[in-house]
Amino acid sequence: MAHDIRIAGTDLHFACEPGENILDAALKAGIEMPYSCRKGVCGNCAGGVVAGEVVSPPSEAKPAGKHLYCQCLPLSNVELAPAAWHRIDPSARKIFTVKVFRNTLASEDVSVLQLRLPTGTRAKFKAGQYLQVTLPDGSRRSYSMANPPHESDSLQLHIRHVPGGQFTQIVPRLAVGDTLQVELPFGNFKLREDSTAAMLCVVGGTGFAPVKSLLDDIAKKRVHRPVTLLWGGRDRRGLYLLSAVERWQKLLPGFTFLPVIEDAGDAEALGAFHGRLDDAIRAHCADLTGTEAYCCGAPAMVGAVRKAAQERGLDAQLFFSDVFVPGPAADL
Ligand code: FES
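Note that the coordinates shown come from a computational prediction; the quantities given were computed from them, not determined experimentally.

**With respect to the sheet that holds strand 20 (residues 292–297)**
And step 1. Read across the open sheet, the six strands follow the order 19-18-17-16-20-21; overall the sheet is parallel. Unpaired on one side and paired on the other, strand 19 (273–274) and strand 21 (319–323) mark the two borders of the sheet.
And step 2. Inspection of the sheet shows strand 16 (residues 199–204) paired to strand 20 by five bridges, in the parallel sense. The residue of strand 20 that forms the bridge with methionine 199 is glutamate 292.
And step 3. Helix-sheet contacts for helix 2 (residues 208–220) involve strand 16, strand 17 (227–233), strand 20 and strand 21, and the interaxial angle to strand 20 is about 140°.

Take a look at the structure:
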């Protein structure tokens, strides 16, 4: 039997079918609440349950007194107190068959894949959102669009090769003209467009992709906000597209770049901060009061950066993250 899920203080409610988690049911009903991984790892979907009963597996990402909506199954009708919500149009998401028109190796283990939509079609998405690629066995993989939304006849993906990864091991062999099925847009990692606050962008490896889309978008729209970008990698190969950074240095007034590299030799050669991204924040960001942080990468990195940024005064509500978890995307 479906349960009725209400959002406290509103007249919004939606049905949650047996076996369905609360986040998926909300998205299906056109109500978006904060989320990223949909696998119980990032903690972005944490919110309150003020009435009713839910069950969820234990997770280190679950803050005390909150529930991870992507993991919660209702046992009764439930009333929620989410951190935020807004209405979306679920029918805005579309499936496209796209063609590879360029496939380059940006570093030893990162491919930049450029896909063309069918002639006359455009993909609608916001900078920072992601798509899902459907593999022949029906499983899906999630990748952020690295191109800005105005380049809507194509999609650029940055794909790190994961050893044994079902999709990533075939990516280097994709040839011009090969086709893939993709669905988009997903995700609510997006620029707060009504804000003029300074932006701190912190990315690890291919977490660069969604932030590239954001920064190309604000460059196109001539948005003048102070932007600091910290891009971290184990060695110099992790910073695989420095030409984009050089472009923003010319186009964005108030843009500052700090490369962060764990390998001592490469850090010295590049003039980068030697160490981890959270150490770089402690060393370089004296006061983050009023700043918005946009952070993308692996769960441990995002957690460490969140902690360091909050130590420097960042408001928890102004920390926006997209957490990359390898492997199949959570089922829709
Ligand atoms: S933990 Fe629920 S979206 Fe990541």
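**Some points on the sheet that holds strand 2 (residues 13–16)**
And step 1. Spatially, the five strands line up as an open sheet ordered 2-1-8-4-6, and their pairing is mixed. Where the open sheet ends on each side, the last strands, each with one partner, are strand 2 and strand 6 (67–68).

**Let's talk about the environment of aspartate 278**
And step 1. Along the chain, the position of aspartate 278 falls in helix 5 (residues 277–284).
And step 2. Assessed through the 23 C-beta atoms surrounding it within 10 Å, aspartate 278 is described here as buried.
And step 3. The sequence separation of aspartate 278 and serine 56 amounts to 222 residues, and the corresponding C-alpha distance is 30 Å.
And step 4. Discounting residues that sit within four places of it in the chain, aspartate 278 has contacts with Ala304, Val305, Lys307 and Ala308.

Parameters at a glance
Residues numbered from 1 in each chain as written. Predicted model: local features only at pLDDT ≥ 70, side-chain atom pairs only at ≥ 80, totals over all residues. Pairing = 2+ DSSP bridges. Helix = DSSP H or I, 4+ residues; strand = E, 2+ residues; numbered from the N terminus. Contact = placed C-beta atoms within 7 Å. Axes fitted to C-alpha atoms, helices over the stretch in contact; angles between N-to-C directions. Buried ≥ 20, exposed ≤ 12 C-beta atoms within 10 Å, placed from the backbone.

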